[in-house]
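# Inside the fold
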Amino acid sequence: MKELCVLIVNYNSKDYTAELIRNLKESSFEDFDIFVFDNNSKEDLSRLDRLKGINLVKSDKNLGLTGGVNKALNHIKSKYVLLLNPDIQIDKNCVGELLSLIKKEKQEQERAQNFSETKKTKELELKQEINKLKSEKKDIISSDVNEIKLKCIEDKKLGLSY
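So, a few notes on the structure that sits alongside this text. Predicted model, so just to flag it, every value in this text is computed and none were measured.

Between side chains of opposite charge, pairing is possible as soon as their charged atoms come close. Evaluation of the coordinates by the stated rule reveals six salt bridges. Residue Arg22 pairs with Glu19 through a salt bridge whose shortest N-O separation is 2.3 Å. On the criterion of helical spacing, the pair formed by Arg22 and Glu19 is a turn pair, its members being three residues apart in helix H1 (residues 14-25). The class of Arg22 is partly exposed, set by a relative accessible area of 37%. Between Asp49 and Lys58 there is a salt bridge whose closest N-O contact spans 3.0 Å. Assessed through its relative accessible area of 46%, Lys58 is described here as partly exposed.

Let us look at the nonpolar core. Counting residues in hydrophobic clusters, the biggest one holds 20 residues, and the most contacted among them are Ile8, Leu24 and Ile34. Within the residue set of this core, elements represented by two or more residues are strand S1 (4-10), H1, strand S2 (32-38), strand S3 (54-58), strand S4 (80-84) and helix H4 (94-157). The greatest single-element share of this core, amounting to four residues, is contributed by H1. Contacts of Ile34, omitting those with residues within four sequence positions, involve Val6, Ile8, Ile21, Leu24, Lys25, Gly53, Ile54 and Asn55. Val57, Val69, Ala72 and Ile76 belong to the second-largest nonpolar core, a separate cluster that totals nine residues.

Another point: the sheet that holds S4. Strand order in the open sheet formed by four strands is S3-S2-S1-S4, and the pairing between neighbours is parallel. Every other strand in the sheet has two partners, leaving S3 and S4 as the edge strands with one partner each. Here the average twist between neighbouring strands, direction ignored, is 25 degrees. Bridge analysis of S2 against S3 gives five bridges, and the strand direction is parallel. Looking at S3, one finds that Asp38 is bridged to Lys58. Packed onto the sheet, H1 meets S1, S2, S3 and S4 and runs at close to 165 degrees relative to S1. Here helix H3 (residues 64-73) sits on the sheet and contacts S1, S2 and S4; the angle it forms with S1, its principal contact strand, is near 140 degrees.

About the cut-offs
Residues numbered from 1 in each chain as written. Predicted model: local features only at pLDDT ≥ 70, side-chain atom pairs only at ≥ 80, totals over all residues. Heavy atoms only, no water. Salt bridge = Lys/Arg side-chain N within 4 Å of Asp/Glu carboxyl O. Helix = DSSP H or I, 4+ residues; strand = E, 2+ residues; numbered from the N terminus. Buried < 20%, exposed > 50% of the residue type's maximum accessible area, 1.4 Å probe, protein only. Core = buried A, V, L, I, M, F, W, Y, C linked by side-chain atoms within 4.5 Å. Contact = heavy atoms within 4.5 Å. Pairing = 2+ DSSP bridges. Axes fitted to C-alpha atoms, helices over the stretch in contact; angles between N-to-C directions.

As structure tokens, then:
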């Protein structure tokens, strides 16, 4: 299983799909699978059947684009999926550049997530420290009040008044 799979949902567009596959195979980035999901085309698919290096799954009914994508995703195990319409042509560097951008974005999201988690941890630690200091302050004030009360009681016993 490769990290990236290019998914093409085909419906009566075998010539466009075959041309896109040829175009993809000329890509400077080669480490990807090609998966074609045929949405019950009425045309002869032998041209697609003969293509090497692709996975072709034929549906017995037209599921529409979204249904075809969802059904195809059940077969794809790659970490990333690039969905392409059959009637496009891509630059030879497109696939590699897109995958690099996706990975860079993922790394930035992970850094932001880590920063957010670190910030939350630091905020929690700070709140705990503040609560601890407040508690200690109450103990000190309480201790000081008790000392004053004791001093007053001792002074009264000695007959001192203020």
